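Structure assessment
Each chain is listed here by its residues.
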Amino acid sequence: MNEHKHEAAGCCHAGNAPAPEASTTHDDGHVAANAAPAHESQGHACCHAAATEAAPMGVRSTPGREGAGLYVCPMCPGVESPVPASCPKCGMALEAAMPVASEGPDPELVDMRRRFWIALALTLPLVVFEMAGMAGLSPGGLAGHGAAWVQFALATPVVLWCGWPLLVRGWRSIANRSLNMFTLIGLGVAVAYGFSVVAILAPDFVPQAFRSGGHATLYFESAAMIVTLVLLGQVLELRARHRTGAALRALLDLAPRQAVRIADDGSEAAVPLETVDVGDQLRVRPGERVPVDGIVVEGRGPVDEAMVTGESLPVDKTPGDPLVGGTVNGPASLVMRAEKVGRDTLLARIVQTVAEAQRSRAPVQAMADRVAAWFVPAVVAVAVLAALVWLAVGPEPRLAYALVVAVSTLIIACPCALGLATPMSMTVAMGRGAQAGVLFRNAQTLERLRDVDVLVLDKTGTLTQGRPEVVSVIPVDGVAETELLRFAASLEQGSEHPIAAAVVATANSRGLRLGRSYGFTALAGKGATGVVQLRSVAVGNAALMMDAGVDVQAIEPEAHRLRADGQTVVYVALDGAAVGLLGVADPLKPEAWEVVQALKSEGLQLIVLSGDHEESVRAVAGQLGIEEVAAGVLPEQKAERVRALQGAGHVVAMAGDGINDAPALAVADVGIAMGAGTDVAKQTAGVTLVSGDLHGVLKAIRLSEATMRNVGQNLLFAFGYNSIGVPIAAGVLYPLSGLLLTPAFAAAAMSLSSVSVIGNALRLRNVRL
């Protein structure tokens, strides 16, 4: 088994069941939660979580899915479990690796909310007792020892039941040698509650320095307040974390729960979506959502694909056209054949892509991980040092002050705020991108895109629509335009080339009757030859005409004019004589001009890189105001051009859609694949634009910039909060102002720090793209 290392505190176990005999090592270095210990990593034991461990109190669980999926930690890489559990590193509840459609309230949130309200109901009387004691009053006639036992009765269920999940996580962090936020909380609560219990059960053991008015000072109120405020923080944090996955759940909710299946006898019945199989015929009624991916069999009408592709206008569908699951049918009734179901649908693959990307780690996270590895030990050391200082030079009662300072220092520090700063922003941003039709392969791509200063654009299918059209038909004198087009289209019926399809489509649109061709021969890179109505026909480029001995000098000026207009020239010859030209153009995408100007305003250097004829490429670039052009380049030459730009110190993004773009997409710092492109292009790119709309390039760049600003704000807040809060809790302001934080106030501040980081990350849900 290959050895591997872990970041920060290493991998540790979340349960106490016996270890299996073998561990599981993933290609990316992650350790499954049911893996056995195999080594020591960075001084920490690599342990396991028992696969049969029951879900602890407060751990999220989706009904009917226990053991069926994979649960991961949103903060710690490599922590995985086949069952719901808490993270052995940071103590947070693991989340489902693959989101599911909305299925009611979050069980963990419900549990934590219940614990919080019970804790609050019992803690408020404790606060009354404390305030009454400070005022010299005895509520209800209770005094001295009697009041102490009432406080014990109120505080015990708060600490030992309401706060039990917090204490368990704190104990596991110590047992696993993976100190975290719950270590500090557990120590603080245990010290405050444990000292108070000793004070009423064995008061003679309490030093005189802890006594006030003959009685030992009790901290039941502090322990209960810490638990109550931390539970409040957990409730707020869980609500915020739940919202980070709202974008993906919204996408999953697009798929209907049922589909109308047409049986062999023609009868129709509503069936659960999970029972639909490939090949089933389904009825999509007006206004209903398309249940799965498939092909239209009967009917025609518009379908709104905006929720999946971002296309603002409904797309007309006729028999043979594709349908995407989750899109909304228009006023017509359609019959479709299911082609992809379940996890194979576009909607499911989008969600899976985004979910996997959200679990990846951005390079900026490495800094936070290095700090977090030393954070908790450093805080414990500061708490001990502060207590010693107060014991040495603090006012009386010194021991009481030292205890308060130590507990406050332990409680106020929050490593979770630091650990969540980057992952939460990345998670929300990728969900926002998915809603806008922009899919990121991983967090590294999202971070890297911000630094791009050169954007290389392919022409066909990226700047243009990728659907060639015949825009010019120029016959020589004595030849009718319809005859020129009819002979060319009759021959091209035997070709699968996009230009051939454009020629045939134009002839059909004009109602021309095409003849049969014989002896059809396709010549790669040149064109085609054959016989139509006993006449020899050649359709192709100048190289084909030269090989066939056809003189094209008389029509060459027209050919040059068409190329200057950005059209691809197709020569047509009959019986060895040129009879005319066809001008084929690939129209610019409607949004191309607007997006190119916006990209320029962002300060990007734009380059058009294409394998097409230079005149055609320059014509397209000229229409868009792009000056730098590289034409006639082969796929490997595209990659070389990208490397050359990188060698000159540029951070390069490449946008393309074809197989010939794949090498350049893979080499570029960020590859951007257009949604209508080939699977090869999508697999090699870091960003995929679902709809193929050029606006997606701009959206991806703006989202990257907004995300990294948000990450910077989170890190600044987390570092700033702890660097200010810990010294204040240690008492540095007491000599100057008499200010000393109580443990309860420290607990409130600690809880709000994580909530504030998550709340700031959630602002990315509404970022304008």
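Residues numbered from 1 in each chain as written. Predicted model: local features only at pLDDT ≥ 70, side-chain atom pairs only at ≥ 80, totals over all residues. Heavy atoms only, no water.

Below, the discussion takes up the overall build of the chain. Within the chain, the regular secondary structure consists of 25 helices and 30 strands. Per-residue burial for the chain yields a buried fraction of 52% across its 769 residues. In the chain, 68% of the contacts between residues at least 6 apart in sequence involve partners at least 24 apart. Accessible area of the chain: about 33,200 Å², with a carbon and sulfur share of 58%. (Helix = DSSP H or I, 4+ residues; strand = E, 2+ residues; numbered from the N terminus. Buried < 20%, exposed > 50% of the residue type's maximum accessible area, 1.4 Å probe, protein only. Contact = heavy atoms within 4.5 Å. Areas by Shrake-Rupley, 256 points an atom, 1.4 Å probe, with all protein chains shown as cover.)

The next thing to look at is the packing of aromatic side chains. Throughout the structure, instances matching the rule amount to eight aromatic pairs. Here Arg 115 stacks its cationic end above the ring of Trp 161, 4.5 Å away from the centre of that ring. When the ring centre of Phe 487 is taken as reference, the NZ or CZ atom of Arg 535 above it lies at 5.6 Å. (Phe/Tyr/Trp six-rings, centres within 6.5 Å; stacked < 30°, edge-to-face > 60°. Lys NZ or Arg CZ within 6 Å of the ring centre and 35° of its normal.)

Ordered in space as 20-25-24-23-22-21, the six strands form an open sheet in which the pairing is antiparallel. Bordering the open sheet on either side are strand 20 (469-475) and strand 21 (517-523), each of which pairs with just one other strand. The sheet shows a mean angle of 20° between the axes of neighbouring strands, direction not considered. In the sheet, strand 20 pairs with strand 25 (residues 577-585) via six bridges, with the strands oriented antiparallel. From the neighbouring strand, Glu 469 faces strand 25, where its bridge partner is Ala 585. Sitting on the sheet, helix 14 (residues 481-492) touches strand 20, strand 21, strand 22 (527-532), strand 23 (535-540), strand 24 (568-574) and strand 25, and the angle it makes with strand 22 is about 105°. (Pairing = 2+ DSSP bridges. Axes fitted to C-alpha atoms, helices over the stretch in contact; angles between N-to-C directions.)

On to a nonpolar patch on the surface, then. Taken together, the side chains of Trp 171, Ile 174 and Leu 179 present a nonpolar region at the surface, about 310 Å² in accessible area. For Trp 171, the position within the fold is in helix 3 (residues 164-175). A relative accessible area of 59% places Trp 171 in the exposed class. (Patch = residues over 30% accessible without salt bridge, like charges linked within 9 Å, V, L, I, M, F, W, Y side chains within 5 Å. Salt bridge = Lys/Arg side-chain N within 4 Å of Asp/Glu carboxyl O.)

Before going further, it helps to spend a moment on helix 20 (residues 635-647). Taking 1.5 Å per residue as the helical rise, helix 20 with its 13 residues ought to reach 18 Å, and the 19 Å between its terminal C-alpha atoms agrees with that figure. Those residues of helix 20 that fall on the buried side of the exposure criterion are Lys 638, Ala 639, Val 642 and Leu 645. The arc that holds every buried residue of helix 20, seen down its axis, measures 120°, which confines them to one face. Every exposed residue of helix 20 that faces more than 90 degrees away from the buried side is listed here: Ala 644 and Gly 647. Looking at the buried positions of helix 20, the neighbouring elements they touch are strand 19 (454-457), strand 26 (605-609), strand 28 (652-656) and helix 21 (662-667). One or two positions beyond helix 20, positive phi appears at Gly 649, with a value near 95°. (Expected span 1.5 Å × (residues − 1). Arc of directions from axis to C-beta.)

This paragraph deals with the sheet that holds strand 29 (residues 670-674). An order of 18-30-29-28-19-26-27 is seen for the seven strands of this open sheet, with the pairing classed as mixed. If you trace the sheet from one side to the other, it starts and ends with strand 18 (438-440) and strand 27 (628-630), each paired once. Ignoring which end each strand starts from, the neighbouring axes of this sheet average 20° apart. In this sheet, strand 26 lies alongside strand 19 in parallel orientation, the contact comprising four bridges.

Here helix 14 crosses helix 15 (residues 498-509) at 130°, and the two axes come no closer than 8 Å. It follows that helix 14 is oblique to helix 15 by the angle criterion. Between helix 14 and helix 15 the crossing geometry is left-handed. Across the interface between the two elements, Leu 485, Ala 488, Ala 489 and Glu 492 from helix 14 touch Ala 500, Val 503, Val 504, Thr 506 and Ala 507 from helix 15. Residue composition of the contact of helix 14 with helix 15, by class: seven nonpolar, one polar and one charged. (Parallel < 35°, antiparallel > 145°, perpendicular 65-115°, else oblique. Left-handed = near helix turned anticlockwise from the far one by under 90°. Nonpolar A, V, L, I, M, F, W, Y, C, P; charged D, E, K, R; others polar.)

Attention shifts here to the pairing of strand 13 (residues 301-304). The pairing of strand 13 with strand 14 (residues 315-317) spans three bridges and is classified as antiparallel. Bridge assignment links Pro 302 to a residue of strand 14, and that residue is Asp 316.

Applying the stated criterion across every chain yields a total of 19 salt bridges. For Glu 288, the salt bridge goes to Arg 285, with nearest N and O atoms at 3.3 Å. Assessed through its relative accessible area of 28%, Glu 288 is described here as partly exposed. Lys 638 serves as the salt-bridge partner of Asp 458, at 3.3 Å between the closest nitrogen and oxygen.

To continue, consider the nonpolar core. Counting residues in hydrophobic clusters, the biggest one holds 68 residues, and the most contacted among them are Phe 440, Leu 455, Leu 599, Ile 626, Ile 672, Val 687 and Val 697. If one sorts the elements of this core by residue count, helix 23 (residues 695-730) sits on top with 10 residues. Not counting chain neighbours up to four residues away, the residues in contact with Ile 672 comprise Ala 653, Met 654, Ala 655, Gly 656, Leu 665, Ala 685, Val 687, Leu 689 and Val 697. One finds Leu 154, Val 158, Val 159 and Met 181 within the second-largest nonpolar core, a separate group that totals 59 residues. (Core = buried A, V, L, I, M, F, W, Y, C linked by side-chain atoms within 4.5 Å.)

Regarding helix 17 (residues 556-564), the residues found buried are Ala 559, Leu 562 and Arg 563. Down the axis of helix 17, the buried set is contained in an arc of 100°. They therefore lie on one face. If you follow the buried residues of helix 17, they end up packed against strand 20, strand 24, strand 25 and helix 19 (614-624). Residue Gly 566 follows helix 17 closely and has a positive phi angle near 85°.

What follows covers the pairing of strand 29. Most of strand 29 is tucked away, with five of its five residues classed as buried. Where burial is concerned, the two faces of strand 29 agree: the one with Val 670, Ile 672 and Met 674 and the one with Gly 671 and Ala 673 are both buried.

On to the side chain of Arg 563. By the element assignment, Arg 563 lies in helix 17. On the basis of relative accessibility, which here comes to 14%, the residue Arg 563 falls in the buried class. Beyond its immediate chain neighbours, meaning those up to four positions away, Arg 563 contacts Glu 556, Val 569, Tyr 571, His 613, Glu 615, Ser 616 and Ala 619.

Following the sequence through the fold, Cys 76 ends up in the loop between strand 4 (71-72) and strand 5 (79-81). Once residues lying within four places of it in the same chain are set aside, the contact partners of Cys 76 are Cys 87, Lys 89 and Cys 90.

Before going further, it helps to examine the environment of Asp 277. With respect to the helices and strands, the residue Asp 277 is situated in the loop between strand 10 (268-272) and strand 11 (281-284). Residue Asp 277 is classed as partly exposed on the basis of its relative accessible area of 47%. Setting aside residues up to four positions removed in sequence, Asp 277 forms contacts with Ala 338 and Val 341.

Where helix 17 meets helix 19, the closest approach of the two axes is 7 Å, and the angle between their N-to-C directions is 40°. Compared by their axis directions, helix 17 and helix 19 come out oblique. Contacts between helix 17 and helix 19 involve His 560, Arg 563 and Ala 564 from the first element and Glu 615, Ser 616 and Ala 619 from the second. A per-class count over the contact of helix 17 with helix 19 returns two nonpolar, two polar and two charged.

One non-glycine residue, Gln 533, adopts positive backbone phi at about 50°. In this structure Gln 533 comes out as partly exposed when scored by relative accessible area, which is 46%. Unlike most non-glycine residues, Asp 575 shows phi in positive territory, near 50°. Its location among the elements puts Asp 575 in the loop between strand 24 and strand 25.

It is worth spelling out the confidence of the model for the chain at this point. Taken as a whole, the chain shows an average pLDDT of 78; of its residues, 79% reach a score of 70 or greater. Contacts of residues 1-68 to residues separated by more than four positions or lying in other chains number 155 contacts, the stretch itself having pLDDT below 50. Note that pLDDT drops below 50 for residues 135-143; the model gives that stretch seven contacts with residues more than four away or on any other chain. (pLDDT = per-residue confidence, 0-100.)

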